[in-house]
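Report on the structure
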Amino acid sequence: MSGLSETEHLANVTGYGLYDREVLKMIQWMDDPEPYVRGLITQLGYPCCLIEYTQRSRKTGKSSYSLRGYFDFAVTGLTHVSKKPLRIATFIGFGMSAASFAAAAVYLMMKLVMWDQFDMGMAPVLIGMFLLGSVQLAFIGVIGEYIGAILTRVTKRPMVIEDERINFDETEDRQ
């Protein structure tokens, strides 16, 4: 998660903790139905203090979290803190498109140069399929980039968190 996150990611943090009233007001102001606290605290720039503890193993019962629940939580976290997966899909799509186009050009040149010796076969069909698939992946990545830009504009996130004001008059603050 920290490799795909654009901000620092708090590892082994559950989201449970003591929060300053200012932090809680900011989270409420953002009006996120599923706030991802692990990434949100560091993304907003608030200082945090972590307390390590060893969680005891469960003595009775069974956890209500399933693999599906953990996967859902991971995807929620990934989509809240990063647009890198969209960029990865875009780069892979454009890279595969370039490779498929180069393979198609090489195949065409070889066929034109060695017309009689070069057999017809499945290679042109496969190259065409890879080319079309990679172009589709590239355009899906571009559409994903647009969706990421829309998400950034629609999501209520503060541009900055003001820690302290220095050399400002009281009258300027009210204007």
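Residues numbered from 1 in each chain as written. Predicted model: local features only at pLDDT ≥ 70, side-chain atom pairs only at ≥ 80, totals over all residues. Heavy atoms only, no water.

Brief notes about the overall build of the chain
- Secondary structure assignment for the chain yields six helices and zero strands.
- Sequence-ordered secondary structure for the chain, helices as α and strands as β, is α-α-α-α-α-α.
- When each of the 175 residues of the chain is scored for burial, the buried share is 19%.
- When the accessible surface of the chain is totalled, it reaches about 14,400 Å², and 62% of it is carbon and sulfur. (Helix = DSSP H or I, 4+ residues; strand = E, 2+ residues; numbered from the N terminus. Buried < 20%, exposed > 50% of the residue type's maximum accessible area, 1.4 Å probe, protein only. Areas by Shrake-Rupley, 256 points an atom, 1.4 Å probe, with all protein chains shown as cover.)

What about the nonpolar core?
- Listed in full, the eight residues of the largest apolar core are Val-23, Met-26, Ile-27, Met-30, Leu-40, Ile-41, Leu-44 and Tyr-46.
- Within the residue set of this core, elements represented by two or more residues are helix 1 (21–30) and helix 2 (37–44).
- Of the residues forming this core, the biggest block, four residues, is contributed by helix 1. (Core = buried A, V, L, I, M, F, W, Y, C linked by side-chain atoms within 4.5 Å.)

Describing the packing of helix 4 (residues 84–113) against helix 5 (residues 123–154)
- Look at helix 4 against helix 5: their axes get within 7 Å of each other, and the N-to-C directions meet at 155°. In terms of orientation, helix 4 and helix 5 fall into the roughly antiparallel class. The two elements helix 4 and helix 5 cross, and the hand of that crossing is left-handed.
- Looking at the contact of helix 4 with helix 5 residue by residue, the class counts come to 18 nonpolar, eight polar and two charged. (Axes fitted to C-alpha atoms, helices over the stretch in contact; angles between N-to-C directions. Parallel < 35°, antiparallel > 145°, perpendicular 65-115°, else oblique. Left-handed = near helix turned anticlockwise from the far one by under 90°. Nonpolar A, V, L, I, M, F, W, Y, C, P; charged D, E, K, R; others polar.)

Quick look at helix 4
- Counted at 1.5 Å a residue, the expected span for helix 4 with its 30 residues is 44 Å, and the 43 Å between its end C-alpha atoms agrees.
- Within helix 4 the residues assigned to the buried category are Thr-90, Gly-93, Ser-97, Ser-100, Tyr-107 and Lys-111. (Expected span 1.5 Å × (residues − 1).)

Quick notes on the pattern of salt bridges
- Taken as a whole and assessed by the stated rule, the structure comprises one salt bridge.
- The partner of Arg-87 in a salt bridge is Glu-145, and the shortest N-O contact between them spans 3.2 Å. Residue Arg-87 is located in helix 4, and its partner Glu-145 is located in helix 5; the two are separated by 58 residues in the primary sequence.
- Its relative accessible area of 22% is what places Glu-145 among the partly exposed residues. (Salt bridge = Lys/Arg side-chain N within 4 Å of Asp/Glu carboxyl O.)

Description of a negative patch on the surface
- The grouping of Asp-20, Glu-22, Asp-163 and Glu-164 at the surface amounts to a negative patch.
- You can see Asp-163 is positioned in the loop between helix 5 and helix 6 (170–174). (Patch = residues over 30% accessible without salt bridge, like charges linked within 9 Å, V, L, I, M, F, W, Y side chains within 5 Å. Lys, Arg positive; Asp, Glu negative; His and termini not counted. Charge placed at Lys NZ, Arg CZ, Asp CG, Glu CD.)

Thoughts on the side chain of Thr-90
- For Thr-90, the location among the structural elements is in helix 4.
- Of the residues examined, Thr-90 reaches a relative accessible area of 9% and is grouped as buried.
- The contacts of Thr-90, once residues within four sequence positions are left out, are Gly-141, Val-142 and Glu-145. (Contact = heavy atoms within 4.5 Å.)

Things to note about the packing of helix 1 against helix 2
- At their nearest, the axes of helix 1 and helix 2 sit 12 Å apart, and the two run at 110° to each other. Overall, the two elements helix 1 and helix 2 adopt an arrangement that is roughly perpendicular. Mapping the contact onto sequence places Val-23, Met-26, Ile-27 and Met-30 in helix 1 and Leu-40, Ile-41 and Leu-44 in helix 2.
- Its residues placed into classes, the contact of helix 1 with helix 2 shows seven nonpolar, no polar and no charged.

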